[in-house]
Amino acid sequence: QVQLVESGGGLVQAGGSLRLSCADSGRTFSSYAMGWFRQAPGKEREFVAAISWSGGITYYADSVKGRFTISRDNAKNTVYLQMNSLKPEDTAIYYCAAVFELSYYRIQGRYDYWGQGTQVTVSS
C-alpha cells in the first residue's frame, strides 16, 4: 500500500524557488516510479515530471525542463520536486503520484496512488 502526502507548497515571487516533498507512509515506495502533476485553475491536470524507482531515469514536461528537478530518496520514502525560476504560470495545485510501470509516466489513468495535493502560488 502506498499513501502519499505532499508538502512544501506556498506563495513565492516570480523568479523564486520552492521544494515540494511527497512522503509515502507505506512499505512499497521503492517499487514504484513516481510522478508530479499539476492543475491550474480552470485547466486540466497536466504532467510535470517523473522518476524511475531507482532515480536513474527522469522525464520532464517541456514547460519546466531546465527549471524543475525531480529526485527521490528511497531510504526516506520521499520524492522531491525542486522548482527554480518560478513563473506565475506555474501557479497550480501540485500532486504526486505512484505508477508501477515508468513507461506509463504521462498517462494519469495508469497511476495507482495519488496524494491530496499542495498549492503553489507564484506572484508576479
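Residues numbered from 1 in each chain as written. Predicted model: local features only at pLDDT ≥ 70, side-chain atom pairs only at ≥ 80, totals over all residues. Heavy atoms only, no water.

(A) Molecular detail of the sheet that holds strand 8 (residues 78-83). Sheet architecture is open: four strands sit in the order 1-3-8-7, paired in antiparallel fashion. The open sheet has two edge strands with one neighbour each: strand 1 (4-7) and strand 7 (68-73). Neighbour to neighbour, the strand axes of the sheet diverge by 15° on average, direction disregarded. In the sheet, strand 7 pairs with strand 8 via six bridges, with the strands oriented antiparallel. Bridged to isoleucine 70 within strand 8 is leucine 81. (Pairing = 2+ DSSP bridges. Helix = DSSP H or I, 4+ residues; strand = E, 2+ residues; numbered from the N terminus. Axes fitted to C-alpha atoms, helices over the stretch in contact; angles between N-to-C directions.)

(B) Just the nonpolar core, in detail. Met34, Trp36, Leu81, Met83 and Tyr94 are the most contacted members of the largest nonpolar core, which has 38 residues in total. Those elements that provide at least two residues to this core are strand 3 (18-24), strand 4 (33-39), strand 5 (46-51), strand 7, strand 8, strand 9 (92-99) and strand 11 (118-123). It is strand 9 that contributes the most residues to this core, six residues altogether. Once residues lying within four places of it in the same chain are set aside, the contact partners of tyrosine 94 are Glu6, Leu20, Trp36, Phe37, Arg38, Val48, Phe68, Leu81, Met83, Gly117, Thr118 and Val120. (Core = buried A, V, L, I, M, F, W, Y, C linked by side-chain atoms within 4.5 Å. Buried < 20%, exposed > 50% of the residue type's maximum accessible area, 1.4 Å probe, protein only. Contact = heavy atoms within 4.5 Å.)

(C) Up close: the pattern of salt bridges. In total, this model carries four salt bridges according to the counting rule given. In this structure, the salt-bridge partner of lysine 65 is aspartate 62, at a minimum N-O distance of 3.2 Å. Residue lysine 65 is classed as partly exposed on the basis of its relative accessible area of 49%. Taking the relative accessible area as the measure of exposure, aspartate 62 reaches 66% and is therefore exposed. The structure contains a network of salt bridges with shared partners spanning Arg38, Glu46, Arg67 and Asp90. (Salt bridge = Lys/Arg side-chain N within 4 Å of Asp/Glu carboxyl O.)

(D) The pairing of strand 3, seen in detail. Of all the seven residues making up strand 3, five are buried; the element is thus mostly covered by neighbouring parts of the structure. Looking at chain direction, strand 1 and strand 3 are connected through four bridges and run antiparallel. Looking at strand 3, one finds that serine 7 is bridged to serine 21. Where strand 3 meets strand 8, six bridges bridge the pair, whose relative direction is antiparallel. The residue of strand 8 that forms the bridge with leucine 20 is leucine 81.

(E) Quick look at the environment of glycine 9. If you trace the backbone, glycine 9 turns up in the loop between strand 1 and strand 2 (10-13). Put simply, glycine 9 and asparagine 84 are 75 residues apart on the chain and 13 Å apart in space, counted from C-alpha to C-alpha. Those residues within four positions of glycine 9 in sequence are excluded, and the remaining contacts are Leu20, Thr118, Gln119 and Val120.

(F) Structural view of the state of the cysteines. Under the counting rule described, the total for this entry stands at one disulfide. Disulfide pairing is shown between cysteine 22 and cysteine 96; the S-S distance is 1.9 Å. Negative torsions about the S-S bond denote left-handed disulfides, and the value of about 50° found for cysteine 22 with cysteine 96 makes this one right-handed. Note that cysteine 22 is positioned in strand 3 and cysteine 96 in strand 9, a separation of 74 residues in sequence. Accessibility expressed as a relative area gives 0% for cysteine 96, which makes it buried. (Disulfide = S-S within 2.5 Å.)

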